[in-house]
Amino acid sequence: MSDPVAANPAPLDSRAPVPQAGGPVAIEVENLKKAFRIPTHRVDSFKERIVKPFAPREYRELKALDGISFDVRRGEFFGIVGRNGSGKSTLLKILASIYRADAGKIRMAGRLAPFIELGVGFNVELTARENVVLNGVMMGLTPRETRERLDSVIEFAELGEFADLKLKNYSSGMLVRLAFSVMMQADADVLLIDEVLAVGDASFQQKCADAFHEMKSAGKTIVLVTHEMATVEEYCHRAMLVADGKIRQIGDPAETGREYMKLNFEKGVETGGETASLTGADGARLLDCWLEDGAGQRVTTLEQGERIRLRAELEVEREAAGLTVGFVIANADGLGLFEFGVEVEDADGSATLAAGRRVKVSAEVENPLASGRHFVHCGIQSHRGGEVSLYSHNAADFVIFGGAPSKGIVALEHEVEAVVEAEGAQ
Amino acid sequence: MSAPETTMELREVRGPSALGGGRRRFLDLLWLMSVTEFKRVYFGTVLGYLWSLIRPLMLFGVLLFVFTQIFKVGSENVEHYPVFLLLGIVLFTFFQESSTNAVTSVVSQEGVVRKTQFPRLVIPLATVLTGAFNFCLNLVIVFVFIFAFGVEPTWTWLLFPIALALLFVFTAAVSMALSVLYVRFRDIAIIWTVVAQVLFYATPILYPVDFKEGGDFEHLLMVNPLAVIFEQVRIWILAEPEAPSIVQAAGGWLGLLPATVIFLAVCAFGAWIFNRDAPRIAEEL
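Quick caveat, the model's predicted, so the values are computed rather than measured.

Next up on the list: the overall build of chain A. On a plain count of helices and strands, chain A comes out with eight helices and 21 strands. Counting over 426 residues, chain A shows a buried share of 38%. Partitioning the intrachain contacts of chain A with sequence separation of at least 6 by distance along the chain shows that 72% fall at a separation of at least 24.

If you want it as structure tokens, here you go:
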């Protein structure tokens, strides 16, 4: 691989044939476990050991990986995603022989080049040239082989004039470029990559993207850890979602991506539970307001386009002559997008509700919302056209995920066509 | 893919270790790291290598003055006291500098340790090897002195490398132990400064082993493995007829036993503790 960029005019649709399920295995991971012992009180000096030799050393066990098993086929581009602290980086570090697993087995075919975080373990006191040579030898090349590659590495990183500068004087962008080009030149069979794509200017990013496509079509086995679902969906044949040290989902990248988005908002979203319970002037009380999925489970996230199923519960404390319940869906800027409502009738069909009645409201609305956080405001009017006796601001909120980022507030179904007219045609 | 098909078989990944990853790669890496570090020090400052020479020479000048003009310890007991003193200082500088640099070596290479996979043992050993390069340069100065003071070359000079090898092994073992212990106990840095200072006086550098009449002091001194090595160097290089052999100084062959045991114990401890801690260094940092 002399110059990966020039060699390849970036085939943009790079869904190279997926390595066959029965193909040779490049990485085999079996029931991998790793726990970190986090001392609640760190003993860092002899004095503490000597003064309190029998003081119980308290540890909190953090299970970073809890029984992970998977295979990666040769030539496969395999993505690992997960939230911060899910254990994905630990997994990569164990694969790269930087950490030792507590239990489990890893087998790997061919030479491995790990690229963990930015900088692939450079020594900032040394120049770029020295670091590249050192790194090559660490990766298992001979010093001669490394020196032969030196020039192309520096050139790919576009750092020709800075090759003899100590890395401590480099900008972070330059460091990343150097790290990335070292990786590109490693010529290993298996590459482990942790979050290196997000940096560098646009032209270098394009260069990286091209290089990835090149590696992919060269049949290298690549394991990529990232937060970026777009990257996963663009490059990976398969992806794995790790959550709490376990495999949550493995397989199709798009599906894994959806699962990941769901997971991302599942915990992060707080509902306005308390604000929902309000009593209006006419005695009607909003007890609860929430969203459901198709199976009747409460949710706080909706995929773009998934119908909004809104539920609310109210109680009438005093007899009320006619109630109208209305909802407004507003976006994060507080802009009301649309509203809908219903007139409540008592069981016998009369408009007057007896005291103590409970009312369940359920609405199903189509969902044209763009991704982002949205709020539900709920209002109750004592009789039609009358004053709003109760208005619950942010009775519930939810997040729309998926879909392309949009400048609009709604995402509508569309068909766009562009026709280029042939010259001279009438 | 250029890799031959044989390397594409599944092999078990055992995680980080002290050694491992092939002997050739280990040696390449060790050599490269030592040379790079040596060059860095050599070219990093204005006076470069001179600094590593000036320090032992300054010490030498001061001690020479004190022990020949004020205390007269040296001049009365050793034929070529200045050479004896300089040789001792240069040997000890190697031991002290290498081990002191080794203490923080693993921690200061944190970036490399936490992000790449390579035999961990390379780090402290590279520090010792860098020290050895310095030592070789300093040795040139020592030999200039040796000839200037008219010490006759003898065939025993050929045995000098044996003593150096022993010193190297001892220094490496101490460095290995210190470098991993420092990861968990930061006090080691301070403790080691003090211990090294004590060792300097407990080794016959300023004074010959036999400067005091009566054997008890000599015997006690010979418990220190460094003292045994230094004394043997004196015999081999300076070839003084009246200098006691290490067996005499220790009061018989049995007297050498403690030093031998300590030497082996330190080596075993260094190897054991480094090997034990190496797999988890990256996590402890």
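From N to C terminus, chain B includes 13 helices and one strand. In chain B, the order of α-helices and β-strands from amino to carboxyl end is β-α-α-α-α-α-α-α-α-α-α-α-α-α. Against the globule reference of 19 Å for 285 residues, chain B gives a C-alpha radius of gyration of 21 Å, in line with a compact fold. Taking the principal axes of the C-alpha coordinates as reference, chain B spans close to 70 × 45 × 40 Å. Taken over 285 residues, chain B has a buried fraction of 41%. Long-range pairs, those at least 24 residues apart, make up 82% of the contacts in chain B with a sequence separation of at least 6.

Below, the discussion takes up the interface of chain B and chain A. Accessible area lost during the coming together of the parts is what is often quoted as the interface size. Taken residue by residue, the interface counts 33 residues in chain B and 40 residues in chain A. Put simply, the parts of the chain that give the side of chain B that touches chain A at least two residues each are β1 (10–12), α1 (23–44), α5 (110–115) and α13 (281–284) of chain B. Ranked by the residues each element gives to the side of chain B that touches chain A, the list is headed by α1 of chain B, at seven residues. Within the side of chain B that touches chain A, the residues separate by chemical class into 14 nonpolar, seven polar and twelve charged. When strand β4 (residues 103–109) of chain A meets β1 of chain B, the two strands line up antiparallel, connected through three bridges. When the sheet's bridge partners are listed, Ala109 of chain A is paired in β1 of chain B with Leu10 of chain B.

Moving on, we come to the nonpolar core. Counting residues in each nonpolar core, the largest one holds 147 residues, and the members touching the most others are Met183, Leu192 and Val223 of chain A together with Leu91 and Leu178 of chain B. Of the residues forming this core, the biggest block, 15 residues, is contributed by helix α4 (residues 81–108) of chain B. Aside from chain neighbours lying at most four places away, what touches Val223 of chain A is Val72, Phe78, Ile80, Leu95, Leu192 and Ile193 of chain A.

What follows covers the domain arrangement of chain A. Residues and elements named next belong to chain A. Here the domain parsing of chain A yields domain 1 (25–266) and domain 2 (274–401). Every contact between the two is made by five residues of domain 1 and, on the other side, five residues of domain 2. When grouped by side-chain class, the residues that make up the side of domain 1 that touches domain 2 number two nonpolar, no polar and three charged.

All names here are of chain A. Within the open sheet, the six strands sit side by side as β5-β6-β7-β3-β8-β9. Their pairing is mixed. Of all the strands in the sheet, just β5 (112–115) and β9 (246–251) have a single pairing partner and so form its edges. On average, adjacent strands in this sheet sit at an angle of 15 degrees to one another, irrespective of strand direction. Where β5 and strand β6 (residues 190–194) come together, four bridges link them in parallel fashion. Paired with Ala113 across the strands is Leu191, a residue of β6.

All names here are of chain A. Read across the open sheet, the five strands follow the order β13-β21-β20-β16-β17; overall the sheet is mixed. Every interior strand has two partners, whereas the edge strands, β13 (301–303) and β17 (336–344), have only one. Going across the sheet, the axis of each strand differs from the next one's by a mean of 30 degrees, ignoring polarity. Pairing analysis gives three bridges linking β13 to strand β21 (residues 388–401), with the strands arranged parallel. Across the sheet, residue Thr301 finds its bridge partner in β21, namely Val399.

All right, on to the pairing of β17 of chain A then. All names here are of chain A. One ladder, built from eight bridges, connects strand β16 (residues 323–331) with β17; its direction is antiparallel. Considered in β17, the bridge of Ala330 is made with Gly336. The loop that links β16 with its antiparallel partner β17 comprises four residues; one of these, Gly334, has a positive phi angle of about 85 degrees.

Residue and element names in this part refer to chain A. Here helix α5 (residues 172–184) spans 18 Å end to end across 13 residues, near enough to the 18 Å set by a 1.5 Å rise per residue. Counting buried positions along α5 gives ten out of 13 residues, so the element sits mostly inside the fold. Residues of α5 that are buried include every one of Leu175, Val176, Arg177, Leu178, Ala179, Phe180, Ser181, Val182, Met183 and Met184, and no others. For α5, the secondary structure elements touched by its buried residues are β5, α3 (128–138), α4 (143–156), β6 and α6 (202–217).

What counts and what doesn't
- Residues numbered from 1 in each chain as written.
- Chains lettered and ligands numbered in written order.
- Predicted model: local features only at pLDDT ≥ 70, side-chain atom pairs only at ≥ 80, totals over all residues.
- Helix = DSSP H or I, 4+ residues; strand = E, 2+ residues; numbered from the N terminus.
- Buried ≥ 20, exposed ≤ 12 C-beta atoms within 10 Å, placed from the backbone.
- Contact = placed C-beta atoms within 7 Å.
- Rg over C-alpha atoms; globule rule 2.2 N^0.38 Å.
- Nonpolar A, V, L, I, M, F, W, Y, C, P; charged D, E, K, R; others polar.
- Pairing = 2+ DSSP bridges.
- Core = buried A, V, L, I, M, F, W, Y, C linked by C-beta atoms within 7 Å.
- Domains from an automatic or database assignment.
- Axes fitted to C-alpha atoms, helices over the stretch in contact; angles between N-to-C directions.
- Expected span 1.5 Å × (residues − 1).

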